[in-house]
Amino acid sequence: MEVKTSLLDNMIGVGDMVLLEPLSEDSFIANLRNRFDHNEIYTYIGSVVISMNPYRSLPIFTPEKVEEYRNRNFYELSPHIYALADEAYRSLRDQDKDQCILITGESGAGKTEASKLVMSYVAAVCGKGQEVNKVKEQLLQSNPVLEAFGNAKTVRNDNSSRFGKYMDIEFDFKGDPLGGVISNYLLEKSRVVKQPRGERNFHIFYQLLSGASDDTLKKLKLDRDFSKYNYLSLDSAAVNGLDDAANFRTVRNAMQIVGFMEDEVQSVLELVAAVLKLGNIEFKPESRCNGNDESRIKDKNDLKEMCELLGTEQTVLERAFSYRTVEAKQEKVCTTLNVAQAYYARDALAKNLYSRLFSWLVTRINESIKAAPKSRHKVMGVLDIYGFEIFEDRENSFEQFIINYCNEKLQQIFIELTLREEQEEYVREGIEWTNIEYFNNAIICDLIENHQNGILAMLDEECLRPGTVTDETFLDKLNTICAEHLHFESRLSKSSKFLTDHSLPHNCFRIQHYAGKVLYRAEGFVDKNNDLLYRDLSQAMYKANHSLMKQLFPEGNPAKVNLKRPPTAGFQFRHSVGTLMRNLQTKNPNYIRCIKPNDKKASHIFTDSLVCHQVRYLGLMENVRVRRAGYAFRQAYEPCLERYKMLCKRTWPHWRGPAREGVEVLMADLTVPAEEFSYGRSKVFIRNPRTLFFLEERRRQCLQDLATLIQKIYRGWKCRSHFLLLKKSQIVVAAWYRRYAQQNKYKRIKSATTVVQSYTRGWQARKLLRELKYQKRCEEAVTTISAYWHGTQARMELRRLKQEVRNIHAVTVIWAYWQGTKARRELRQLKEEARNKHAVSVIWAGWQGTKARRELRRLKEEARRKHAVAVIWAYWKGLKVRREYRKFFRANAGKKIYNFTIQRIMQKYFLGLKSTMPSMSPIDKSWPVKPYLFLDGVHSDLRRIFHLWRCKKYRSEFTEEKKAVFEEKLEASEIFKDKKALYASSVSQPFMGDYLEISKNPKYQKLNSAMDEKVLLADVVNKINRANGKGTARIFLLTKNSVVLADQKTGQVKASVPLPDLTSVSVSTQSDGFFALKLKEGSASAIKGDFLLSSEHLIEIITKLHRTGATAADSEQLNIDISDEFLVQFKHDKVCVKFIQGGPKNGNSVSCKRKNNRLLEVSVPSTV
């Protein structure tokens, strides 16, 4: 049986402030302190979660905790932010209700961490799968990017959000995330140019300088030294606990996961570097002849580097910092800027550049994480927005005024939705509703946002009216119109009660917000509301060649000059807040109120005064009173009866009827006063917390009694079980013993019977054996006598036969001996005759041998004498010749002999070369081996001359068609050799051109008739679809002036592109057949964007395109871009096509897949 717990079990303090008794501000703060000291940082006010920032890590956010709170009732476990996130997610998934989670609190209270916890919990409990995990990872990784560009270190928080963020997470019908949309509000862009003491600029500046590689900084023209940049404060550059270098790597990785391309990341970093360089530009005054002062740039090095980063001309930007052009109808007036105005223009450009970059980042992230608009989606919104700000140590300015206005609107919708939720529940349950008195801050919102007399309306009116406009004129207007307002205070107003209030300076005004009085300094209100950027600077930025400039400064387009004044910052923010409020009112709200326990950012410190101040301006006491004005506690009948049924004998242990009747019987038995509770349709409502605590105390006592009863019953059951076990064991032992004794007795009887049987059978067997032996001996005696008689007869016959044989053998032996004697006599006679003949032969042979040897010695002697005579004659003839020609040999005999020898060698060499000559093929590289080293040069020259002659003979046999084919092959070699892996396999393949035989094939007769020019190439290609990476078959036709794509089945022309509209062709370095035809921007053919195609004859197609484009008179040289990553323009979006080596699981085919909205990945099989 599952053990059910409750919010009321093992509670430290009071987990739900609605149950706090007695209710006062002191008891409220004491309860928060008690829970904070015991590491209980979450407390409820009904369905609202109060979150205390612990300033340290707690073991309450583990995966085990996520599983513990998953699919549990909101009040079932101790208070936790996971309980609220789970309640919101289950309401969205199961009840189809759009949800919003509103996280509020002042800076440093933990709002950003709370939003991360909510998103991580939802990501952990929703569905799994490759696509779902990818969406979840992109949603979670958008946080580090926005924190780097939108968060900064302040005196109150090391990671303070300086912008408001509202994220709508979209889910499908199963509750799996599909994507999201992020909205940002009022980035504190003034921080870019100036930071208060003890605070830093935005994190990205420090992360870039600390974490980027030396090569990256060199490209961005930056140095790691923070002190070299005027826009970076030095007193708080290093923050304990923040590793800027590691965070930069995290941001780069997060941008890659979200879907940023590498060139987009580089463009963003270039703009960040440009802002830093912009802050180093300084101006000096220079007097003109007319007496007016103008500004000049002191050191133009930083300006030059910034212009190189932005891709703009230095003179254009320098002029924009020195002059301002004002247009009115048909007139243009150019005025010079003094030093103060130049610095204002510089800072305005820096603020606008950074804020627009931040807005572009949000838009770019939304493009990656947005869900496909297929059907209606369920939405969960998470609002993480700056809390109410009141600075005591420095002036509250326009930013604090706007922030506090937003918090006034959130407080208003909080009160309205809380009361509405309370009232709807009472009506739904049939409980009588009593009106609740509360402070309605609508009067403060009206003071600020009224379209006629509101402070924002008057500020816009001052900014737009002609004439001299200053902060003083704006304050005068406030003093005139708002003087009688109860929540507006000014020392110069008509109200006399503030004339002597010295805590109220003359140039300030005070508004009494719901959170308390805030003193605002009017200085800077007009300029910050105007947020004016000179048109010269906008146009200079638009002219820049940087890829993002035209998107960030569209108003700088000279073709679209708008003389209408742009909307003010206050107007834009009021419109955004109004949209946000309307969006929140369509969703079911869930609140997280974040509280900062101390200003030291230290753990275990609880400052009562600081917490009390936050409790007041968050309206938490008022929220508790609203919840308790009706009924302090409510619970469904089933869990209520399950929890308290042991308090009544009629409901314990099981109640068989409806749960409501069981609760009614229970309340009646406990004699609870009728005015202390009410019965709704599905819940019981308890008015006073004392009644609930009374029930809990009775339940605790009853549980103790039940525990005693359970122990008693358990002990009795345990003893009975032990006795029955012993009894059962004794019976089993006795049964086994009786069985053992009977088995032994049976074995003894069986053994005795076996012995008697064996003796009896032995006696019988021996008796039978004796009888058989006697019978056998009788039979053997008869057989023996018979055998002896037959043996005697056989021996007598044998002796007779042997005698006959001996007689016959004696005759044969005698005859044989006589024949042998006769033969031996004849043999001796023959041998004697043979010996006589052999002796004669031997004597004759010896005499003939002696005679031959004597003749041989005579012939040898005669030959030796003849040879000696010949040798002596040869020597004499040689001596005679040498004596006759001795004088000639000394002069030129050696040279003649050398020339003769050389001529003979050369003759032999050429005759040998003639017989070993190689074939006439130009590709035959064989050549005879050189016979002598001194012929090395001649051998090489003859080989070269023969090859040239052979090539000339080969070329003379070419026709014009064959020559054109070889020229195309040569051009293909120049384009693709050692650059494209596919080229090697195409060398042996002839270029056919018309693979479809379009002129002969009747299927393409209609298409052939539609072509006015000769078709140079016709082939079937695949047109790649951007949405899914799949190909559609198309007919590709190339003529002298155009490229035509037609449908393969019908032959209908789908697209016709003139060759002058083609700017370049992009292919990869690998063995795939993908190529992109890039069209000229602004041409009629480029309306639908570039073409991404694939073909088996890529080398031939690109070569013919290149040759045809080069020969066309009205077209430029066609560029061939060979890279594994290139951009393709699809309508209005640029998509990166990236080629990677595929693994074994991809097989041997090329596959194209869509990774996200801006990336197509082509997997090419690796070649061995």
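Residues numbered from 1 in each chain as written. Predicted model: local features only at pLDDT ≥ 70, side-chain atom pairs only at ≥ 80, totals over all residues. Heavy atoms only, no water.

A separate point is the UniProt feature "binding site: ATP" (unreviewed entry) in the protein. Here the UniProt-annotated "binding site: ATP" (unreviewed entry) positions come out as G105, E106, S107, G108, A109, G110, K111 and T112. Looking at where E106 falls in the secondary structure, it is placed in the loop between strand 3 (99-104) and helix 4 (111-125). Setting aside residues no more than four positions away along its own chain, E106 makes contact with K111, R156, G387, F388, C594, K596, L610, Q614 and Y617. Along the chain, the position of S107 falls in the loop between strand 3 and helix 4. The class for S107 is buried, based on a relative accessible area of 8%. Sequence-distant contacts of S107, defined by excluding residues within four places in its chain, comprise T154, R156, N157, S160, R162 and K596. (UniProt positions renumbered as here; feature names shortened; annotations may be inferred. Helix = DSSP H or I, 4+ residues; strand = E, 2+ residues; numbered from the N terminus. Contact = heavy atoms within 4.5 Å. Buried < 20%, exposed > 50% of the residue type's maximum accessible area, 1.4 Å probe, protein only.)

A separate point is the confidence of the model for the protein. Counting all residues, the mean pLDDT for the protein is 82, and 93% of those residues have values of 70 or more. No element of the protein has a lower mean pLDDT than strand 10 (residues 323-328), which averages 74, and none a higher one than strand 2 (residues 48-52), which averages 92. Here residues 1-5 is modelled with pLDDT under 50, and outside its nearest four sequence neighbours on either side it reaches 5 contacts, counting other chains as well. (pLDDT = per-residue confidence, 0-100.)

Our next topic: a positive patch on the surface. Taken together, K1023, K1054, K1088 and K1131 make up a surface patch of like positive charges. Secondary-structure assignment places K1131 in the loop between strand 28 (1125-1130) and strand 29 (1133-1142). (Patch = residues over 30% accessible without salt bridge, like charges linked within 9 Å, V, L, I, M, F, W, Y side chains within 5 Å. Areas by Shrake-Rupley, 256 points an atom, 1.4 Å probe, with all protein chains shown as cover. Salt bridge = Lys/Arg side-chain N within 4 Å of Asp/Glu carboxyl O. Lys, Arg positive; Asp, Glu negative; His and termini not counted. Charge placed at Lys NZ, Arg CZ, Asp CG, Glu CD.)

For the rest of this paragraph, the subject is the nonpolar core. In this structure, F28, F149, F205, L317, F321 and L584 are the most contacted members of the largest nonpolar core, which totals 208 residues. When residues of this core are assigned to their parent elements, the largest contribution, 14 residues, is made by helix 12 (residues 339-369). If we ignore the near neighbours within four places in the chain, the residues touching F28 are M17, L20, I45, I50, V615, L620, M621 and V624. The next biggest cluster of nonpolar side chains, apart from the first, holds 29 residues, and it includes Y983, L1059, L1062 and I1102. (Core = buried A, V, L, I, M, F, W, Y, C linked by side-chain atoms within 4.5 Å.)

One open sheet accounts for 3 strands, arranged 13-14-15; its pairing is antiparallel. The strands lining the two open edges of the sheet, one partner per strand, are strand 13 (488-489) and strand 15 (516-521). Note: strand 14 (residues 508-513) against strand 15, 6 bridges, orientation antiparallel. Within strand 15, the position partnered with I511 by the bridge is V518. Helix 14 (residues 442-449) rests against strand 13 and strand 14 of the sheet, and its axis sits at about 145° to strand 14. (Pairing = 2+ DSSP bridges. Axes fitted to C-alpha atoms, helices over the stretch in contact; angles between N-to-C directions.)

Overall, mixed pairing links the 8 strands, which are arranged 23-22-21-20-26-25-24-27 in an open sheet. The open sheet is flanked by strand 23 (1053-1058) and strand 27 (1119-1122), the only strands paired with a single partner. Taken over all neighbouring pairs, the strand axes of this sheet differ in orientation by 30° on average, direction set aside. As paired strands, strand 24 (residues 1062-1067) and strand 27 are joined by 4 bridges and run parallel to one another. By the bridge assignment for strand 27, V1067 is matched with I1122.

With that settled, the discussion passes to the pattern of salt bridges. Throughout the structure, instances matching the rule amount to 52 salt bridges. For R200, the salt bridge goes to D244, with nearest N and O atoms at 3.2 Å. Note that R200 is positioned in the loop between strand 7 (177-185) and helix 6 (203-211) and D244 in helix 8 (residues 244-258), a separation of 44 residues in sequence. The buried category is assigned to R200, whose relative accessible area is 0%. Residue E294 is joined to R296 by a salt bridge in which the shortest nitrogen-to-oxygen separation is 2.5 Å. Residue class for R296 comes out partly exposed when judged on its relative accessible area of 21%. Among the ionic contacts, a cluster of salt bridges with common partners joins R162, E188, R191 and E199.

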